[in-house]
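# Observations on the model geometry
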Amino acid sequence: MGKLASLLAVLVLAVPQAYGQTVEDTTAIKQAALDYVEGWFTGSAERMDKALHPDLIKRIVVVHPETGRSMLNQVTESIRVEATRAGAGSRNAPEELSVGVEILDIYGDMAAVKTIAPGFVDYLQLAKWNGEWVIVNVLWSRGPS
């Protein structure tokens, strides 16, 4: 094998080890996603707050009823935490909560996660912030009941 091919093989093998997920990261990312979804349905503002970055923006595409044009509705971290504290999610919580969490990708200090819960599908973007995995962005849609 030539020197260039050997160097490329070393680089390709090194990237997943340097930027791939660890067991600790995987566990912490999944826990942040569960704190977000379960916190909503149980009315736990503490879990919700722990899961979210202070600059979080949560968005959904909606269609304006009069114009038929798409637009984005968005919510901030403080609004989401206060709605959780007020019980907005726990009022319609199912008796048995089943939450699917799929880690789509982890690269260094960022991750992408899909959650499926009764009535909602969320795509989460997380960052490792001050040593903790927190949700920075959410794009969501109504999902299976």
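It should be emphasised that the depicted structure is a prediction, and the values quoted were computed from it without experimental measurement.

Right, let's get into the overall build of the protein. A count of helices and strands for the protein gives four helices and six strands. Helices and strands appear in the protein in the N-to-C order α-α-α-β-β-α-β-β-β-β. For the protein, the residues scored as buried account for 30% of the 145 residues in total. By sequence separation, contacts in the protein at least 24 residues apart represent 48% of the contacts at least 6 residues apart.

Per the counting criterion, the structure on display carries two aromatic pairs. Relative to F120, the ring of F41 has its centre 6.2 Å away and its plane inclined at 50°; by these criteria the two rings are tilted. Of this pair, F41 sits in helix α2 (residues 23-42) while F120 sits in strand β5 (residues 120-129); the two residues are 79 residues apart in sequence, bridging distant segments of the chain. Of the two residues examined, F41 and F120, each falls in the buried class. A centroid spacing of 5.5 Å and a plane angle of 55° characterise the contact between F120 and W140, whose relative ring orientation is tilted. Of the two residues, F120 sits in strand β5 while W140 sits in strand β6 (residues 132-142), which places them 20 residues apart along the sequence. By the burial criterion, F120 is buried, and W140 matches it. Here the aromatic residues F41, F120 and W140 are joined through ring pairs into a cluster of three or more.

On to the pairing of β6. Here strand β1 (residues 52-63) runs beside β6; their pairing, made up of five bridges, is parallel. Note that in β6 the partner of I60 across the bridge is W140. Inspection of the sheet shows β5 paired to β6 by 10 bridges, in the antiparallel sense. Among the inter-strand pairings, V121 is bridged to a residue of β6, identified as S141. The hairpin turn running from β5 into β6, its antiparallel successor, is two residues long, and N130 in that turn takes a positive phi close to 50°.

A cluster of nonpolar side chains, contributed by V61, L72, L104, Y123 and L139, occupies part of the molecular surface with about 470 Å² of accessible area. Given a relative accessible area of 44%, L139 falls into the partly exposed group.

For helix α4 (residues 77-85), the set of buried residues is E77, R80, V81 and T84. Buried residues of α4, viewed axially, fall in a sector of 95°; they line one side. Elements that come into contact with the buried residues of α4 comprise α2, α3 (45-51), β1 and β2 (70-76). Count one or two residues on from α4 and you reach G87, which has phi positive near 85°.

Analysis parameters
Residues numbered from 1 in each chain as written. Predicted model: local features only at pLDDT ≥ 70, side-chain atom pairs only at ≥ 80, totals over all residues. Heavy atoms only, no water. Helix = DSSP H or I, 4+ residues; strand = E, 2+ residues; numbered from the N terminus. Buried < 20%, exposed > 50% of the residue type's maximum accessible area, 1.4 Å probe, protein only. Contact = heavy atoms within 4.5 Å. Phe/Tyr/Trp six-rings, centres within 6.5 Å; stacked < 30°, edge-to-face > 60°. Pairing = 2+ DSSP bridges. Patch = residues over 30% accessible without salt bridge, like charges linked within 9 Å, V, L, I, M, F, W, Y side chains within 5 Å. Areas by Shrake-Rupley, 256 points an atom, 1.4 Å probe, with all protein chains shown as cover. Salt bridge = Lys/Arg side-chain N within 4 Å of Asp/Glu carboxyl O. Arc of directions from axis to C-beta.

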